[in-house]
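Read off the chains here:
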Amino acid sequence: MARGKVQMRRIENPVHRQVTFCKRRSGLLKKAKELSVLCDAEIGLVIFSSHGKLYELATNGSMQGLIGKYMKSSRCYVEEQADEKQVLESKMEVSMLKNEIDVLHKGLRYMFQGGAGKMTLDELRILENNLEVWMYHIRSAKMDIMSQEIQLLKNKEGILKAANKCLQEQMEMQYIAAEIDPTMTNMPCPLTVPDEIYHY
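Residues numbered from 1 in each chain as written. Predicted model: local features only at pLDDT ≥ 70, side-chain atom pairs only at ≥ 80, totals over all residues. Heavy atoms only, no water.

Some words on the overall build of the protein
- Secondary structure assignment for the protein yields three helices and two strands.
- Secondary structure elements of the protein occur, N-terminal to C-terminal, as α-β-β-α-α.
- The long-range share in the protein, meaning contacts at least 24 apart out of those at least 6 apart in sequence, stands at 32%.
- If you sum the accessible surface of the protein, you get close to 17400 Å²; carbon and sulfur atoms cover 60% of it. (Helix = DSSP H or I, 4+ residues; strand = E, 2+ residues; numbered from the N terminus. Contact = heavy atoms within 4.5 Å. Areas by Shrake-Rupley, 256 points an atom, 1.4 Å probe, with all protein chains shown as cover.)

Okay, here's the thing in structure tokens:
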């Protein structure tokens, strides 16, 4: 009598489920051993029952050795995939840069030759965007230079104010000394400023 087709769903009866598990587990282990012998293949099989019991098979060597080999192989595969992805991204970037350089060269010829030659609408848009970026960088550079020059002028202003203050104090001291002792009026009044004043 032919067996009916087994429905692929969970067996509700726990006894039938356990019997089926034992039979199919044994069959799966047997098939793995046969495949290993017939094809000289290294096979690692791990099974956990519904109760958490572990069943494993390593046809050549130990399970740890097979797992280590698998990890090494998968890591190499991942690295190869990453390398291929990086190479592909680099090629795409190089291609984009070449296209952009071609458009820029064409745009420079277009500008310096008074609109000679033809450019598509997309090329003109790319050129316009690049010009806007260049103008932004140029303005930023100008602002940086102007800020530096303004700061230098402020520093010089501070130095001159400090020197002026020092000279005023010296003149006031000479004036007071002359009032106290009139003979001091014939003494020269050095209009020099100490060097430390200039260290602003």
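Structural notes on the nonpolar core
- Formed by Leu29, Ala32, Ile43, Leu45, Ile47, Tyr55 and Leu57, the largest nonpolar core amounts to seven residues.
- Counting residues per element, the ones that place at least two in this core are helix H1 (14–39), strand E1 (44–48) and strand E2 (54–58). (Core = buried A, V, L, I, M, F, W, Y, C linked by side-chain atoms within 4.5 Å. Buried < 20%, exposed > 50% of the residue type's maximum accessible area, 1.4 Å probe, protein only.)

Some points on the side chain of Asn130
- In this structure, Asn130 sits in helix H3 (residues 121–180).
- On the accessibility criterion, Asn130 (12% relative accessible area) is buried.
- Excluding residues within four positions of it along the chain, Asn130 makes contact with Glu100 and Leu104.

Looking at the pairing of E2
- Alternating residues of E2 divide into Tyr55 and Leu57, all buried, and Leu54, Glu56 and Ala58, none buried.
- Here E1 folds back onto E2, and the loop between the two strands holds five residues, one of which, Gly52, carries a positive phi near 90°. (Pairing = 2+ DSSP bridges.)

A word on H1
- End to end, H1 covers 37 Å across 26 residues, agreeing with the expected 38 Å (1.5 Å per residue, within 8%).
- Among all positions in H1, only Arg25, Leu29, Ala32 and Ser36 are buried.
- Structurally, H1 contributes buried residues whose contacts are with E1 and E2.
- Regarding H1, its N-cap is Asn13, as a side-chain oxygen of that residue lies 2.9 Å from the backbone nitrogen of Val15 further along.
- Downstream of H1 by a residue or two, Asp40 has a phi angle that is positive, lying close to 55°. (Expected span 1.5 Å × (residues − 1). Polar contact = N/O pair within 3.5 Å; in protein donor to acceptor, adjacent residues only side chain to side chain.)

Some details on the pattern of salt bridges
- Applying the stated criterion across every chain yields a total of four salt bridges.
- Notably, a salt bridge pairs Glu12 with Arg10, separated by 3.4 Å at the nearest N-O pair.
- With its nearest N and O atoms 2.5 Å apart, the salt bridge here joins Lys69 to Glu42. Of this pair, Lys69 sits in helix H2 (residues 63–112) while Glu42 is found in the loop between H1 and E1, placing the two residues 27 residues apart along the sequence.
- According to the relative accessible area criterion, Lys69 is partly exposed, its value standing at 49%. (Salt bridge = Lys/Arg side-chain N within 4 Å of Asp/Glu carboxyl O.)

Details of H2
- In this model, H2 (50 residues) spans 72 Å end to end at C-alpha, consistent with the 74 Å of a helix rising 1.5 Å per residue.
- Every buried residue of H2 is listed here: Met63, Leu66, Val103, Leu104 and Gly107.
- Its buried side turned inward, H2 meets E1, E2 and H3.

Side note on the packing of aromatic side chains
- If you walk through the whole model with that rule in mind, you get one aromatic pair.
- Arg25 extends its terminal NZ or CZ atom over the ring of Tyr55, reaching a point 4.2 Å from the ring centre. (Phe/Tyr/Trp six-rings, centres within 6.5 Å; stacked < 30°, edge-to-face > 60°. Lys NZ or Arg CZ within 6 Å of the ring centre and 35° of its normal.)

As for the layout of surface pockets
- Looking at the largest pocket, its volume works out to about 620 Å³.
- Along the walls of the largest pocket sit 20 residues, with Ile11, Arg17, Thr20, Phe21 and Arg24 positioned nearest its centre.
- Tallied by class, residues from the lining of the largest pocket come to six nonpolar, seven polar and seven charged. (1 Å grid on protein atoms, 1.4 Å probe; cavity = no way out; pocket = protein on both sides within 12 Å on 5 of 7 lines; lining within 4 Å. Points joined across faces, edges and corners; volume = space filled by probe spheres on them. Nonpolar A, V, L, I, M, F, W, Y, C, P; charged D, E, K, R; others polar.)

Considering unusual backbone geometry
- Of note, the phi angle at Asp40 is positive, near 55°, even though the residue is not glycine.
- Of note, Asp40 is situated in the loop between H1 and E1.
- Given a relative accessible area of 67%, Asp40 falls into the exposed group.

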